[in-house]
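Spelled out, the chains give:
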Amino acid sequence: MELIQNTPDLSAYLAADEVIDHGHPLVRDTAARLARQAEDSYAYARLAFEFVRDTIPHSADSGDPRVTWRASDVLEQGTGICYAKSHALAALLRAEDIPTALCYQRLAHDDGSGHAVHGLVAVRFNGAWHRQDPRGNKPGVDAQFSLDGERLAWVPDPESNEMDYPVLYAEPHPAVLSVLEAAPDRPRLWQTLPTEL
């Protein structure tokens, strides 16, 4: 699949905004702490990915009812669903001048009751985009940082009407952001997740 930038301006994938708020002191401090452990930008990207994947539980896995969406809030509260964790990772990567996009998949619910949009990121290294999924591992999910072939949480099954969306967004998709901002808690969020983009 060819990944397509929604804007040709690469600087858009380094920008800060209300969601990917990498100018926030908590984001800057976290990025600086991780950067001190990394010998180069590749190592930093891997450390940031593993930090978000492994130290911020996916709220569905942990049973946390809170809904986070702003990167600094994800880091402060230590919880989030896939979209929120992707926002946090994008902020940490952009804080160290690594172009990072938000991207999405359409996946079937485990119980077969429909579909939901899943969020992940893509990082740009060596002139190419590489998708990464910081969702968090659990039995049956083994996402790894990789610049040499994707190691995502899930591979969509076209026969189940699942798909990868090829567009790389500089900002969160409006359908995603609106449900995050409106949900009072995760149970309500689960009822309003977008089923497609």
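Preceding block: the structure.
These lines cover the structure that appears in this document, whether it is placed above or below. All values derive from a computational prediction rather than experimental measurement.

**A word on the overall build of the chain**
For the chain, the helix and strand inventory stands at 7 helices and 6 strands. Sequence-ordered secondary structure for the chain, helices as α and strands as β, is β-α-α-α-α-α-β-β-β-β-β-α-α. For 197 residues, the compact-globule estimate of 2.2 N^0.38 gives 16 Å, and the C-alpha radius of gyration of the chain, at 15 Å, lies within 12% of that figure. In terms of principal-axis extent, the alpha carbons of the chain reach across some 45 × 35 × 30 Å. By the burial criterion, 51% of the 197 residues in the chain qualify as buried. Roughly 9000 Å² of accessible area belongs to the chain as shown, and the carbon and sulfur atoms make up 48% of that amount. Averaging the coordinates of the 17 positive side-chain charges in the chain and doing the same for the 30 negative ones gives two points 4 Å apart.

**Section: the pattern of salt bridges**
All told, the structure shown has 9 salt bridges when counted by the stated rule. Between E18 and R70 there is a salt bridge, and its shortest N-O distance comes to 3.1 Å. Linking E18 in the loop between β1 (4-5) and α1 (25-35) with R70 in the loop between α3 (59-62) and α4 (71-77), this pair joins segments that are 52 residues apart in sequence. Taking the shortest distance from any N to any O, the salt bridge between R135 and D61 comes out at 2.7 Å. With R135 in the loop between β4 (128-132) and β5 (163-164) and D61 in helix α3, this pair connects stretches of sequence that are 74 residues apart. Connected via shared salt-bridge partners are E18, R70 and D73.

**Points about unusual backbone geometry**
A positive phi angle, near 60 degrees, is found at D97, a position not held by glycine. Assignment of secondary structure puts D97 in the loop between α5 (82-95) and β2 (100-108). With a phi close to 65 degrees, N161 is a non-glycine residue in the positive phi region. Look at N161 and you get partly exposed, because its relative accessible area is 48%.

**Side note on the packing of aromatic side chains**
In the structure shown here, the tally under the stated rule is 5 aromatic pairs. Residues F49 and F145 carry aromatic rings whose centres are separated by 5.8 Å and whose planes lie at 50 degrees to one another, so their mutual orientation is tilted. With F49 in helix α2 (residues 41-55) and F145 in the loop between β4 and β5, this residue pair connects regions lying 96 residues apart in the sequence. Each of the two residues, F49 as well as F145, counts as buried. Connected via pairs of aromatic rings, a cluster forms that spans Y83, Y104 and Y169. Above the plane of the ring of W190 lies R186, whose end atom (NZ or CZ) is 5.5 Å from the centre.

What counts, and at which threshold
- Residues numbered from 1 in each chain as written.
- Predicted model: local features only at pLDDT ≥ 70, side-chain atom pairs only at ≥ 80, totals over all residues.
- Heavy atoms only, no water.
- Helix = DSSP H or I, 4+ residues; strand = E, 2+ residues; numbered from the N terminus.
- Rg over C-alpha atoms; globule rule 2.2 N^0.38 Å.
- Buried < 20%, exposed > 50% of the residue type's maximum accessible area, 1.4 Å probe, protein only.
- Areas by Shrake-Rupley, 256 points an atom, 1.4 Å probe, with all protein chains shown as cover.
- Lys, Arg positive; Asp, Glu negative; His and termini not counted.
- Charge placed at Lys NZ, Arg CZ, Asp CG, Glu CD.
- Salt bridge = Lys/Arg side-chain N within 4 Å of Asp/Glu carboxyl O.
- Phe/Tyr/Trp six-rings, centres within 6.5 Å; stacked < 30°, edge-to-face > 60°.
- Lys NZ or Arg CZ within 6 Å of the ring centre and 35° of its normal.

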